[in-house]
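Coordinate inspection notes
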Amino acid sequence: MPKYCVIGGGLSGLEFAVHSAARGNEIVIYDAGPDLRKKHVHFDARVLEGDEKKVHWTADERWAIGGINERLGGRSLCYHGVMLPIEPSALESWPAAWQERLSGPDGLYRQLQEEFTREFPEMTQRQPIGMPLLHVPQAAVVTESGAFSSYSPLYHLEPFIRDGMIRIKKATIAKVENRTHGFRLIDGMGRTVDQESFDKCVLSASAIINNRIISTSLGRSTTAHVTDHYCIGIAVKTRFGKRVADFRHEMLWHGFAKQHDLNANIFVVERPNLDSGDRLLLLMAVMEQNPQLGAFSQLHCHVGREQSSLEIESHHSDAVIDNYNRLGRQIVEFACEQLSADLAPLFDTLAERSGAFFGSKEVSTLGLALEGLGSSERSNVYARFAFPYGSYEHESCTHPIGGTGEIALADSLEVTALPGVYAVGPGAFPRLGIANPALTICSLSRWLASNI
Ligand SMILES: Cc1cc2nc3c(=O)[nH]c(=O)nc-3n(C[C@H](O)[C@H](O)[C@H](O)COP(=O)(O)OP(=O)(O)OC[C@H]3O[C@@H](n4cnc5c(N)ncnc54)[C@H](O)[C@@H]3O)c2cc1C
């Protein structure tokens, strides 16, 4: 029976593990974080020690200092479960074989959408929406008691653990070594992690950490591309019109509108009314850093004698900045049109008057935007917010399929420079597209489980 190791037990790694074990392969999962959290954070609101976000890279001021949560289950234990396919125009940048695997008539998008639809009521429209918005398919459920949970392969591990097909070990892996009897794993102190050896390795420790493991395994510093979605939004307070739909949970969107001329989708949710009786809506635009408008940012992995480090150098072309600023204006026009309201900015800032939102310190956080609207007596106003670039948690394209950079994957998802080592997750995407990445992440992992 083939024995594989999976490095990183988040969305991509566990998805591979469950589907590979179901095919009769023995799997050992190594994850850096604890396995204390068993449910989505909206089900289990405890703050668990060792479950926090850890920072693993440095960056210039235009890539947010973030980090990933180190915990078994990864971000699938806090995400929204939005499952959107990458739009055809972005998928065109993927190798032809992958276009067919994902969006062909019997492709993985269709298979997964059908499966999630059977299991999760929120994949399909649940209530009429009072705005011309598309339904946001979410592999999610809200229970009668109001708790939210979304799809995670973590919930499917148990039978395989019982049968001994999957084992889970806590370890932070720094590199993989191909020795005579198979692959061995090495930690950050240079120690062999345990006495197990493996036929193949699957890297799934996130787009950024995968690159560090690959560089350290190769024993040389590397540079790769990295990108993330941009996010700019407005919170709106208005007296006009009727609710978009009933509010059910803060993690459930009411709908989205495609703004693909500006490489974006606008997500909309109407929250419960304010004490003043005003309606409160959030409109959040998620924008792709379209590679046709300029190069991505760069991820440098420095490999030293003792240890390795990561550094991100951000890059935004004038065309991307212009796209972002236009989107900032378009989101207000969209809200005015849809709500038939003449909305004014709550804060009269220079950014608002000039339309130069990109990188502006005057654009606030979501929390401050909501606070501002709540404490103002004015109505028919909006407050603008943004997520810093690099903090939206959709980081990707670091070791792309078919890439020509130093770290790339073959169509089979094998790391070209490390035969026998495979990589999954959003780092494998040749292009991120506008869509949120989870449906494509799950698709890649399932394909690898069937074809490794
Ligand atoms: C609040 C929030 C909401 C989101 N909502 C959505 C959504 O609705 N739809 C969508 O498409 N996307 C969403 N995302 C993004 C999505 O969750 C991520 O794109 C996805 O989880 C990435 O999967 P991954 O397996 O690459 O990484 P992760 O899920 O982060 O898993 C990485 C795993 O690797 C482990 N690890 C890290 N380093 C090491 C190491 N050296 N050795 C061993 N293990 C290691 C970590 O502990 C972790 O378990 C959301 C993200 C957040 C934070």
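Side note on the nonpolar core
- Counting residues in each nonpolar core, the largest one holds 126 residues, and the members touching the most others are I7, V202, L203 and A285.
- Among the elements that make up this core, the one with the highest residue count is helix 10 (residues 438–451) (eight residues).
- Summarising the domain contributions, this core has at least three residues from each of domain 1 (3–123 + 149–226 + 395–451) and domain 2 (230–287 + 317–387).
- Excluding anything up to four places from it in sequence, L203 contacts I7, G8, N210, I213, I214, V421, Y422 and A423.

Re the domain arrangement of the protein
- The domains assigned to the protein are domain 1 (3–123 + 149–226 + 395–451) and domain 2 (230–287 + 317–387).
- Its C-alpha centre places domain 1 at a distance of 33 Å from the equivalent point of domain 2.
- Counting residues at the interface gives six residues for domain 1, matched by eight residues for domain 2.
- For the side of domain 1 that touches domain 2, a count of residues per class yields one nonpolar, two polar and three charged.

Here's the deal with the site of the ligand
- Around the ligand, 38 residues are found, and the nearest of them are G8, G10, G74, H80 and A438.
- Listed by contribution, the elements that provide at least two residues to the shell around the ligand are helix 1 (11–21), strand 2 (26–31), helix 6 (207–218) and helix 10.
- Looking at the shell around the ligand element by element, the count peaks at three residues for helix 1.
- Per-class residue counts for the shell around the ligand are 17 nonpolar, 16 polar and five charged.

Brief notes about the sheet that holds strand 12 (residues 222–226)
- Across the sheet, which stays open at both edges, the four strands sit in the order 4-18-17-12 with mixed pairing between neighbours. The sheet is open, and its two edges are formed by strand 4 (58–59) and strand 12, each paired on a single side.
- Note: strand 12 against strand 17 (residues 297–303), five bridges, orientation antiparallel. Each residue of the ladder has a partner; that of A224, found in strand 17, is L299.
- Where helix 6 meets the sheet, it contacts strand 12, strand 17 and strand 18 (308–313), and its direction lies at approximately 40° from that of strand 17.

Let's talk about the pairing of strand 11 (residues 200–203)
- Of the two faces of strand 11, the one lined by K200 and V202 and the one lined by C201 and L203 are each fully buried.
- For strand 1 (residues 3–7) and strand 11, the ladder comprises four bridges, and the chain directions are parallel. Paired with C5 across the two strands is C201, which belongs to strand 11.
- The pairing of strand 11 with strand 21 (residues 421–423) spans three bridges and is parallel. The residue bridging C201 from the neighbouring strand is V421, located in strand 21.

Re the packing of helix 4 (residues 108–119) against helix 10
- For the pair helix 4 and helix 10, the least separation of the axes is 10 Å and the interaxial angle reads 110°. In this view, helix 4 runs roughly perpendicular relative to helix 10, as classed from their interaxial angle. Of the residues in helix 10, those touching helix 4 at L108, Y109 and L112 are L439, C442, S443, R446 and W447.
- Grouping the amino acids of the contact of helix 4 with helix 10 by side-chain chemistry returns six nonpolar, one polar and one charged.

Notes on the sheet that holds strand 14 (residues 255–259)
- With mixed pairing, six strands are arranged side by side in an open sheet as 14-15-16-13-20-19. What marks the edges here is a single partner per strand, and that holds for strand 14 and strand 19 (344–345).
- By the bridge criterion, seven bridges tie strand 13 (residues 230–238) to strand 20 (residues 381–387) in an arrangement that is antiparallel. Of the residues in strand 20, the one forming a bridge with A235 is A383.
- In this fold helix 7 (residues 318–339) packs onto strand 13, strand 14, strand 15 (264–271), strand 16 (279–287) and strand 20, with an angle of close to 30° to the strand it touches most, strand 13.
- Helix-sheet contacts for helix 9 (residues 366–375) involve strand 13, strand 16 and strand 20, and the interaxial angle to strand 20 is about 165°.

Reading the values: rules and limits
- Residues numbered from 1 in each chain as written.
- Predicted model: local features only at pLDDT ≥ 70, side-chain atom pairs only at ≥ 80, totals over all residues.
- Core = buried A, V, L, I, M, F, W, Y, C linked by C-beta atoms within 7 Å.
- Buried ≥ 20, exposed ≤ 12 C-beta atoms within 10 Å, placed from the backbone.
- Helix = DSSP H or I, 4+ residues; strand = E, 2+ residues; numbered from the N terminus.
- Domains from an automatic or database assignment.
- Contact = placed C-beta atoms within 7 Å.
- Nonpolar A, V, L, I, M, F, W, Y, C, P; charged D, E, K, R; others polar.
- Near = placed C-beta within 6 Å.
- Pairing = 2+ DSSP bridges.
- Axes fitted to C-alpha atoms, helices over the stretch in contact; angles between N-to-C directions.
- Parallel < 35°, antiparallel > 145°, perpendicular 65-115°, else oblique.

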